[in-house]
Amino acid sequence: MSKLFRAVIMGPPGSGKGTISERIAQSFGLQHLSSGDFLRENIAANTEAGVLAKTYIEKRLLVPDHVMTRLLLPRLEEMTRHSWILDGFPRTLAQAEALSRACELDVVISLNIPLETLKERLRHRWIHPASGRVYNLCFNPPRVQGVDDISGEPLIQHEDDRPEALVARLRHYKDVAKPVIDLYKAKNILHTFSDTDTDRIWPHISSLLNTKIRTDQSSAQRAS
Ligand code: G5P
């Protein structure tokens, strides 16, 4: 059996974590595990964690670490036979330490996107609240403006995607992410990508994963 591959993708709101994770899932067959999607599923199912998480997400605050780890770690335990890319977790040092106790990561991708680009993207972002599907009027517009492609229901914009609120969220992201980035840098698994455009970052991520996944698989085959 080839070696399982574990990757994390980090980045501020709007940096393209979801978009790039989907491409990784399609190109490399990794399962895309998104902390935001887990939370939205729990909110939709009205679980205890979902009800609690909703109060934080509505204020665009981070959900407390103990709620996140209680939600995420059991999902990872169910994935012991799969390679995965984890999108949006860990966000804090406490989450990163809990994840380190649960598994060993092969690669951490950090997206470093200019503030002006993030503001511009989020200004054009429209969301289907029931499913969490995200559109961008320039990059991946819905087939009919203002309407979800799958359900035909109306799309909304987040109040807090407005520029002033975004600057505060990004500052908070940087403060909280810094020790996580330092931890992964020290472990020598951090790869940072900076650009204004996902399509320009993607070939670099793709070639990194090609090298890592192929190398890991051939060493696993040699060992078996
Ligand atoms: P989420 O769901 O993890 P965020 O806010 O971290 O939410 P978000 O905003 O969904 O992340 P993203 O995944 O980084 O952004 O980016 P994306 O959705 O792929 O792209 C953003 C937009 O830009 C899209 O419209 C996309 O089409 C467009 N786009 C992408 N690339 C380009 C490009 O090159 N050009 C252009 N023009 N457009 C582009 O978390 C939600 C909430 O859950 C809680 C928090 O409250 C969080 O706010 N949460 C946690 N709390 C605590 N700990 C955790 N681990 C948590 N995880 C989630």
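Since the model is a prediction, treat every value here as computed from it, not as a measurement. (Residues numbered from 1 in each chain as written. Predicted model: local features only at pLDDT ≥ 70, side-chain atom pairs only at ≥ 80, totals over all residues.)

Q: Hey, could you go over the overall build of the protein for me, with residue numbers and the actual values?
A: Helix and strand content of the protein: 8 helices and 7 strands. On C-alpha atoms alone, the protein measures out to a radius of gyration of 18 Å, which is about the 17 Å that the 2.2 N^0.38 rule sets for 224 residues. For the protein, buried positions account for 26% of its 224 residues. In the protein, of all internal contacts separated by at least 6 residues, the share reaching a separation of at least 24 is 71%. (Helix = DSSP H or I, 4+ residues; strand = E, 2+ residues; numbered from the N terminus. Rg over C-alpha atoms; globule rule 2.2 N^0.38 Å. Buried ≥ 20, exposed ≤ 12 C-beta atoms within 10 Å, placed from the backbone. Contact = placed C-beta atoms within 7 Å.)

Q: A description of the site of the ligand should follow, citing residues and the corresponding values.
A: Contacts to the ligand come from 32 residues, most closely from P13, G18, G36, N136 and F139. Of all the secondary structure elements, the ones that give two or more residues to the shell around the ligand are α1 (17-28), α2 (35-44), α3 (48-58), β6 (133-136) and α8 (198-223). (Near = placed C-beta within 6 Å.)

Q: Tell me about the UniProt feature "binding site: AMP" (unreviewed entry) in the protein, residues and numbers included.
A: This chain's UniProt record puts "binding site: AMP" (unreviewed entry) on S35, R40, L61, L62, V63, G88, F89, P90, R91, Q95 and R169. Secondary-structure assignment places L62 in the loop between α3 and α4 (65-77). Residues in contact with L62, not counting those within four places in the same chain, are Y56 and R91. By the secondary structure assignment, Q95 is in helix α5 (residues 93-102). A tally of 21 C-beta atoms within 10 Å means that Q95 is categorised as buried. For Q95, the residues in contact, after removing those within four places along its chain, are D65, M68, T69, F89 and P90. (UniProt positions renumbered as here; feature names shortened; annotations may be inferred.)

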